[in-house]
Amino acid sequence: MKKIITFLYLLILANACYDDKGNYDYREINQISIQNIDSLVLCDQMDLLSIPVTLEGTQYSDSNRFTYMWEVNQKVVATTKDLNVYANFPLGINTARFVVTDKELGTKAFKNFRINVSSSTAGDGILVLSKYQGHAELSFKRLDREGSTFTPNYYEALTGNRLGTNPRKIHRCYIPEAANVNSGLKIETDHRLKCLSEETLVEIGENKYLDHNFFISRAMTLPPDITEFDVKACWHLTTSATTTSLGGYIFVIANDELWHDQRMAMPAYNVDLNMTFMQKASPWHGQLSPVMFLASLTGSGTQNYSSPELLYLFDESEGQFIYANVNSSAANRACSELGIYAGYSLLYGTHTASPNQAVAVLGNGSVYRMLYLKLPSKTSETAAVPFTVLADVIVPGEVINSGTSYYPMKNESYMFFATDNGLYRYNLRDLENGNAPGSQNRIMTLTDFGYNADDKITCMTVSRTEQEILLGISRYGEDTEGMGEELKGDVLVLDLKTMNMIRKYEGVAGYPVDLIVKYQKYLRDGKENGV
C-alpha cells in the first residue's frame, strides 16, 4: 500500500511540473565587457589623467543605457563613461576600479586596476596662491613638459586639509636643511608660515610651521615665554646656492618685532653655521608695517650676492623709518633724518639698480606717496651716505594704491607695477625731477586682451631672466573671497619688452593673491655660470 501512495504522489508531481512548463518569461542577461583599461596605469601627480573606455555587450552596448562610477582608494572621483580627472592622488600605488551598471536590469560589470602615481612637481612650475570659496588654495602648472595643463585647487584634494582662510604670500627658500624645515616653500596664511616641500608641494610633516620655536632652537639666548607668533611679513634672501657654498637669510616680522636668521654652509667641508637674532622691536616699540627692504643688493661673481647689513622698516605708530643691523644683536635705530609721516603705513619698499638708493611707497588710505631715498647699506657708510629724501611725490590713487603689485628691474632704473586693470612702466630717475608716476606710464590694460573693465590684476611676478611677466587676474569683480563654483582666476603671461601675449591660462584658480615661478634650482639671473 505504501508503494502505491508513493507512486501516485510522484505521478501528480510530474504532471504539475509538466503543466507549469512555459509559464516563465526567460531573458538573456546583457553581459558587458570593459576594454582599454590597463591593469597598471602610469601617471604623474597633478597631471590630467584620461582613460577612454570601450564597452562591448552581448545584447547591447549603448552608453546611455548605463551609469558609471570610477573609484580611487575607495573614493568616487568621477561618474562619467570616460575618466578625465586631475591625478590628485598620493604618490605610489593607488587601488582603483570602474563600475558599469545597467539602468534597466541593475546588473554590474567591474574592472579593477591600479594607478602608479609619480611626482610631477619637483621641477620648474607656476604656483598660484588664491582664495576660493573663502579659504586658501594652491594651483600648479609644471613647466618641464610641453603641453601640460594647470592643476587648479590641488591642495585640499590632495591632502584632505585646508590651507587656511587668509592667504597672503608664497615664499621660496633654496637653502636645504637636514630637517627640511627652513627650506622649501612657506605659505603665509592666517598670520603663520606653513612649511611645504618644494618637491611634493604638500606638508613636510603634520602641522609644520616656521615660528618662534625655529629661531629659539638656533639662537644662543632664550627669550621669555612666547604664547603666539603673529606673522606680518617674511622674506627669504638667498645670497649663495652653489655646490660649494650655501648662504642666505630669513627675515620675519612677527609680534611687531624683527626675527632673523643667517645661514652659511660649505657642505664639502662639513661647515654649517648660523646667526640668529630675535625680538628686535622699534626703538619706540610701536607697530611695524609688513614691509622690509635694503638700501643695496650687490651681485658677487656669477651667482651670488654680497651679504647685506642694514635692513629698513617703518614704525607706523611714530610714522618713522628705522633700520636693523642683520649681522648683530644691536637694537634697531631710528632714521629721524628721513622725516615723520604720521598716519601712514609703508606699503612697499625696495633697493634699486643704483647702490644706496631705495624707493618707498607710503599710504594712509586716501593719499599715496612715493619716496626716493638715499640710504647707507652698512654701518660704516652712515657718515659718507647720510639718510636723505631725494624726492617725495604724491601719486594718484588710481595709479598706485594699497592693492598695487611691484617689480623693480635688477640692472635698470625701471620699475613695473600693476594697479587694478593696468600695468605701468616707470623710470625711477623721473623722481629726481619730481615727476610722479601717472597714466602716461601705463603700457597696457586688461581690455587690450579681451577682459572687462572691472577685471583686475591682483598680483604679478617676473621670470628670473626678466623676459616674461606673469599676471594674476581676477574676474570676480568685487568678490575677493572667490565665492561660487566657477574658477575666475587667470594667469596671463606677457613678453616683458613687447607686451605681446605669450600664454593665457583661464579659470585656473580662485581669487589670485600671489604667484611665483617655482624653480627647482637657484640661478640668480636664470643662467648657468652667468652665461
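Residue numbers restart at each chain and count upward from 1, following the sequence in its written direction. Where local features are concerned, this predicted model is filtered to residues with pLDDT of at least 70; where side-chain atom pairs are given and counted, the filter is 80 or more; whole-chain, interface and lining totals use all residues. Side-chain metrics rest on all non-hydrogen atoms present in the structure, leaving aside hydrogens and water.

On to the overall build of the protein chain, then. Secondary structure elements follow DSSP: runs of H or I no shorter than four residues count as helices, runs of E no shorter than two count as strands, and numbering proceeds from the N terminus. Scanning the protein chain from N- to C-terminus turns up three helices and 37 strands. C-alpha atoms define the radius of gyration in this analysis, and the globule rule sets the expected value at 2.2 Å times the number of residues to the power 0.38. Its C-alpha atoms give the protein chain a radius of gyration of 31 Å, more than 25% over the compact-globule value 24 Å for 531 residues. Across its three principal axes, the protein chain shows a C-alpha extent of roughly 135 × 55 × 45 Å. Here the term buried applies to any residue with accessible area under 20% of the maximum for its type, exposed to any over 50%, and partly exposed to those in between, with areas from a 1.4 Å probe on protein chains only. Per-residue burial over the protein chain gives 50% buried out of 531 residues. What makes two residues a contact is simply this: any of their non-hydrogen atoms within 4.5 Å. Here the analysis covers contacts within the protein chain between residues at least 6 apart in sequence; of these, 55% occur between residues at least 24 apart. Method for areas: the Shrake-Rupley scheme with a 1.4 Å probe, in which residue coverage is limited to the protein chains shown. Carbon and sulfur atoms provide 48% of the accessible area of the protein chain, an area that totals close to 25300 Å².

Our next topic: the pattern of salt bridges. What counts as a salt bridge is simple: a side-chain nitrogen of Lys or Arg found within 4 Å of a carboxyl oxygen of Asp or Glu. In total, this model carries 24 salt bridges according to the counting rule given. The partner of Lys169 in a salt bridge is Asp514, and the shortest N-O contact between them spans 3.8 Å. One end of the pair, Lys169, is in strand β12 (residues 167–173); the other, Asp514, is in strand β37 (residues 511–518), and 345 residues separate them in sequence. Look at Asp514 and you get buried, because its relative accessible area is 5%. We note a salt bridge from Lys504 to Glu506, for which the minimum N-O separation is 3.9 Å. For Lys504, a relative accessible area of 29% translates into the label partly exposed. Note on Glu506: relative accessible area 53%, which makes it exposed. Members of the salt-bridge network, linked through shared partners, are Asp44, Asp47, Arg142, Asp144 and Arg145.

By way of backbone hydrogen bonds, the strands of a sheet pair with one another, either parallel or antiparallel. Strand order in the open sheet made by the five strands is β2-β9-β8-β5-β6, with mixed pairing throughout. Whereas interior strands pair on both sides, the edge strands pair on one side only; in this sheet they are β2 (40–44) and β6 (75–78). Between one strand and the next, the sheet's axes are offset by a mean angle of 35°, whatever the strand orientation. Inspection of the sheet shows β2 paired to strand β9 (residues 108–118) by five bridges, in the parallel sense. Within β9, the residue paired with Leu42 across the bridge is Asn116. Only strands joined by at least two bridges in the DSSP assignment are considered to pair. For every element, the axis is a line fit to its C-alpha atoms; helices are fit only across the contacting stretch, and the angle between N-to-C directions ranges from 0 to 180 degrees.

Along the chain, the position of Thr458 falls in strand β33 (residues 456–462). Setting aside chain neighbours within four positions, we find Thr458 in contact with Ser405, Gly472, Ile473, Ser474, Tyr511, Pro512 and Val513.

This part takes up the nonpolar core. In plain words, nonpolar cores are sets of buried Ala, Val, Leu, Ile, Met, Phe, Trp, Tyr and Cys residues tied together by side-chain atoms within 4.5 Å. Residues Phe251, Leu258, Met292, Leu313 and Val491 are the most contacted members of the largest nonpolar core, which totals 31 residues. Listing elements by their share of this core, those giving two or more residues are β10 (125–132), β15 (231–241), β16 (246–254), β22 (310–315), β23 (320–325), β35 (489–495), β36 (501–509) and β37. Excluding residues that lie within four positions of it along the chain, Leu313 makes contacts with Ile253, Leu258, Leu288, Val291, Met292, Gln320, Phe321, Ile322 and Ala324. Counting 25 residues, the second-largest nonpolar core is a separate cluster that includes Ile51, Phe66, Tyr68 and Ile115.

Classification of ring pairs rests on two measures: the distance between centres of Phe, Tyr or Trp rings, Trp counted by its six-membered ring, which must be within 6.5 Å, and the angle between planes, read as stacked under 30 degrees, edge-to-face over 60 and tilted in between. Per the counting criterion, the structure on display carries 22 aromatic pairs. Seen from their ring centres, Phe214 and Phe215 are 5.2 Å apart, and the 80° between their planes marks the pair as edge-to-face. With a relative accessible area of 8%, Phe214 lands in the buried category. Among the aromatic residues, those joined into a ring-pair cluster are Phe293, Tyr312, Phe314, Phe321, Tyr323, Tyr341 and Phe387. In this arrangement the basic side chain of Arg425 is found over the ring face of Tyr414, its NZ or CZ atom lying 3.7 Å from the centre. Either the NZ atom of lysine or the CZ atom of arginine qualifies as a charge over a ring when it sits within 6 Å of the ring centre and within 35 degrees of the ring normal.

Next up on the list: the pairing of strand β7 (residues 83–86). Across a regular strand the side chains alternate sides, sitting on one face of the sheet and then on the other. The alternating pattern of β7 places Leu83 and Val85 on a buried face, while none of Asn84 and Tyr86, on the opposite face, is buried. Inspection of the sheet shows strand β3 (residues 48–51) paired to β7 by four bridges, in the antiparallel sense. Counted as the bridge partner of Leu48 is Tyr86 from β7.

Following the sequence through the fold, Thr238 ends up in strand β15. When its relative accessible area of 8% is taken as the criterion, Thr238 is described as buried. In this structure Thr238 touches Tyr174, Ile175, Gly247, Gly248, Tyr305 and Tyr522, once residues within four positions along its chain are discounted.

Assignment of secondary structure puts Gly106 in the loop between β8 (92–102) and β9. Given the relative accessible area of 43%, Gly106 is considered partly exposed. With 40 residues separating them in the primary sequence, Gly106 and Phe66 have C-alpha atoms 9.1 Å apart.

For the protein chain, per-residue confidence averages 89 on the pLDDT scale, and residues scoring 70 or more make up 92% of the total. Low pLDDT (under 50) marks residues 1–14, which in the prediction has zero contacts with non-local residues, meaning those over four places away or in another chain. Confidence of the predictor at the level of single residues is captured by pLDDT, which takes values from 0 to 100. Within the model, the stretch residues 16–24 combines pLDDT values under 50 with zero contacts to residues more than four positions away or in other chains.

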